[in-house]
Amino acid sequence: TYLPRAYMVYDARVLTDSASIFRFMQSKEFEPSRTVVLDADPGFRTSDTSYTHQWSAGFTSYNMNSMSLNVATPKDGFLVFSEIYYPGWNAYIDGKPQTIYRSNWNQRAIPLMAGTHLVESRFEPASFRNGAWITLATLALCVGGIVYPSLRKNTTTEQLSA
């Protein structure tokens, strides 16, 4: 069997070192459809860790660098994506930024309060923003380097003819 692309779990284990994560995920105690293993503490606790099938997660859009889905859950839990964790992915719950945590060794998880939510995830790496600003600054310098000498030449020519 396989897990859906996005699913809810209500039991989380925070294990901060690779050896502990590996050991737990190899054990019979780990059931990926019911428990999520996080490598950082999100400061989010679920009071009821029992599993329920009463959640729903339906994608409204799915692209290479973004996805959007409507999620309904009867209690606090973690929305787990069967997607590779990579820095630069940002999550938004009902338009508000939310941290994405590395889970189950190489997946993504988002803490989610009970209720119905619009969850958006977009790949917005800082390196791309930095590169865009550097490109724009370089382009501005190039344009300035072309325009300034011609303006200066026209000013010099006008002064000589007067």
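The coordinates are above.
A brief structural summary. (Residues numbered from 1 in each chain as written. Predicted model: local features only at pLDDT ≥ 70, side-chain atom pairs only at ≥ 80, totals over all residues. Heavy atoms only, no water.)

1. Re helix α1 (residues 18–26)
- Turning to α1, its buried residues are Ser20, Ile21 and Phe24. One side of α1 carries all its buried residues, which in axial view fall inside an arc of 100°. The exposed residues of α1 that point more than 90 degrees off its buried face are Arg23 and Gln26.
- Taken together, the buried residues of α1 touch β2 (11–14) and β3 (35–38). (Buried < 20%, exposed > 50% of the residue type's maximum accessible area, 1.4 Å probe, protein only. Helix = DSSP H or I, 4+ residues; strand = E, 2+ residues; numbered from the N terminus. Arc of directions from axis to C-beta. Contact = heavy atoms within 4.5 Å.)

2. As for the pattern of salt bridges
- On inspection of all chains with the given rule, the structure shows eight salt bridges.
- Between Glu83 and Arg108 there is a salt bridge, and its shortest N-O distance comes to 3.6 Å. In this pair, Glu83 is assigned in the loop between β6 (77–81) and β7 (89–93) and Arg108 in strand β10 (residues 107–112), connecting sequence segments 25 residues apart. Here Glu83 matches Arg108 in class, with each residue buried. (Salt bridge = Lys/Arg side-chain N within 4 Å of Asp/Glu carboxyl O.)

3. Overview of the side chain of Gln107
- By the element assignment, Gln107 lies in strand β10.
- Here Asn104 takes part through its side chain, which lies 3.1 Å from a polar atom of the side chain of Gln107.
- Setting aside anything within four residues of it in sequence, one finds Gln107 in contact with Tyr7, Val80, Phe81, Ser82, Glu83, Tyr85, Tyr101 and Arg102. (Polar contact = N/O pair within 3.5 Å; in protein donor to acceptor, adjacent residues only side chain to side chain.)

4. Description of unusual backbone geometry
- Even without a glycine there, the phi angle at Asp94 is positive, about 50°.
- Locating Asp94 in the fold gives a position in the loop between β7 and β8 (96–98).
- Taking relative accessible area as the criterion, Asp94 reaches 43% and is therefore assigned partly exposed.

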